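Observations on the model geometry
Spelled out, the chains give:
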Amino acid sequence: PLRQVNIRQTSFGCGRLGATVWPSGIALAALLSWDYRHLVKGKRVLELGSGCGLPSLVAKEVAGASDVMATDYWEEDDGKFDADRLVPKNLFGANLGHNIGSETAVKHLDWHDQFNVMNVYDEFEPEVIIGSDLVYYLADTPPLIQTLNILLKSGAKDALLVLPLPPNAEREALPEFRSRLQDGALKDCSVHMKKLIMVGSGSDDRHNLLRIHISKE
């Protein structure tokens, strides 16, 4: 049966790259609601780079995950107002909490801080990792792979990622990320990649995507 979920977007000043629901997030949510529902049903699911949190919400409300933890990075509140952002730092992540329906299901996660990653794992103990449109900058590629390694080594069994492909989106770090996964950067894991096409209602609403399913061996 069909199930409607509502998601609220926000301003760039509040959410930066996570202010909008991107096509890859919609595609991941669609996979979780159908082809990969079995992967998350009854499981504890952690989302990386959650943004507005659509995949987490679908995992929880549609696919039957037992619990979800939506994570993202935002600058910590230092008590100073950043005029360029227009929104106080203590409100970063507030929209994500609104969409997930619980502030306690949202965590600040810095891929560059392995102790932060380990602490988040210890607190939530996820079984499945999900994420969409995670690969933007070359500097973030090694920390993202390290984060996946930590989570999978610690006990998570699967990861499902959806990333945009050209010509719809150019992500400078994507070639290196794909290459490192194919070269075995994730220890004791099998990596399966498949190109997908998502077609929307408009004649030019066609998106090329890469689905990556990582399984712990």
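Residues numbered from 1 in each chain as written. Predicted model: local features only at pLDDT ≥ 70, side-chain atom pairs only at ≥ 80, totals over all residues. Heavy atoms only, no water.

1. Digging into the overall build of the chain
A count of helices and strands for the chain gives eight helices and seven strands. Counting all 217 residues of the chain, 48% fall into the buried class. Counting contacts in the chain only where the partners sit at least 6 residues apart, residues at least 24 apart contribute 71% of the total. Carbon and sulfur atoms provide 50% of the accessible area of the chain, an area that totals close to 11000 Å². (Helix = DSSP H or I, 4+ residues; strand = E, 2+ residues; numbered from the N terminus. Buried < 20%, exposed > 50% of the residue type's maximum accessible area, 1.4 Å probe, protein only. Contact = heavy atoms within 4.5 Å. Areas by Shrake-Rupley, 256 points an atom, 1.4 Å probe, with all protein chains shown as cover.)

2. Description of the nonpolar core
Residues Leu-48 and Phe-177 are the most contacted members of the largest nonpolar core, which totals 33 residues. At the level of secondary structure, the elements contributing two or more residues to this core comprise β1 (44-48), α6 (114-124), α7 (141-154), β5 (158-164), α8 (174-182) and β7 (206-216). When residues in this core are grouped by element, the largest group, six residues, is from α7. Look past the residues within four positions of Leu-48 in its chain and what remains in contact with it is Thr-71, Leu-109, Trp-111, Ile-129, Ile-130, Gly-131, Ser-132, Leu-134, Leu-144, Thr-147, Leu-148 and Leu-151. (Core = buried A, V, L, I, M, F, W, Y, C linked by side-chain atoms within 4.5 Å.)

3. Points about the pairing of strand β2 (residues 67-72)
A regular strand carries its side chains on alternate faces of the sheet. With respect to burial, β2 is a largely interior element, five of its six residues being buried. Where β1 lies against β2, four bridges are found, and the strand directions are parallel. Pairing of Arg-44 across the sheet is with Asp-67, part of β2. For the crossover from β1 across helix α4 (residues 54-61) to β2, the handedness is right-handed. (Pairing = 2+ DSSP bridges. Right-handed = clockwise from strand over helix to strand, strands pointing away.)

4. Observations regarding the pattern of salt bridges
If the charged atoms of two oppositely charged side chains come close together, the side chains can form a pair. Under the defined criterion, the tally for this structure stands at five salt bridges. Here Asp-67 and Arg-44 are joined by a salt bridge, their closest N and O atoms 3.9 Å apart. Taken together, the positions of Asp-67 in strand β2 and Arg-44 in strand β1 put the pair 23 residues apart, joining distant regions of the chain. Close ionic contact of Arg-180 with Glu-176 constitutes a salt bridge, the shortest N to O distance being 3.8 Å. (Salt bridge = Lys/Arg side-chain N within 4 Å of Asp/Glu carboxyl O.)

5. Side note on the packing of aromatic side chains
Evaluated as defined, the whole model comprises one aromatic pair. Taking NZ or CZ as reference, Arg-44 lies 4.3 Å from the ring centre of Phe-124, over its face. (Phe/Tyr/Trp six-rings, centres within 6.5 Å; stacked < 30°, edge-to-face > 60°. Lys NZ or Arg CZ within 6 Å of the ring centre and 35° of its normal.)

6. Looking at α8
Taken as a whole, α8 has its buried residues at Leu-174, Phe-177 and Leu-181. Buried residues of α8 fall within an arc of 65° about the axis and therefore sit on the same side. Summarising the geometry of α8, the exposed residues directed more than 90 degrees from the buried face are Pro-175 and Gln-182. In the core, the buried residues of α8 are packed alongside α7, β5, β6 (189-199) and β7. Just downstream of α8, Gly-184 is the residue with a positive phi angle, here 90°. (Arc of directions from axis to C-beta.)

7. A look at α7
Because the α-helix completes a turn every 3.6 residues, residues three or four places apart line up on one side. The terminal C-alpha atoms of α7 lie 20 Å apart, and with 14 residues this matches the ideal 20 Å at 1.5 Å per residue to within 8%. Extensive coverage of α7 is indicated by the burial of ten of its 14 residues. Those residues of α7 lying buried are Thr-141, Pro-143, Leu-144, Ile-145, Thr-147, Leu-148, Asn-149, Ile-150, Leu-151 and Leu-152. Of the residues one or two after α7, Gly-155 is the one with positive phi, at around 150°. (Expected span 1.5 Å × (residues − 1).)

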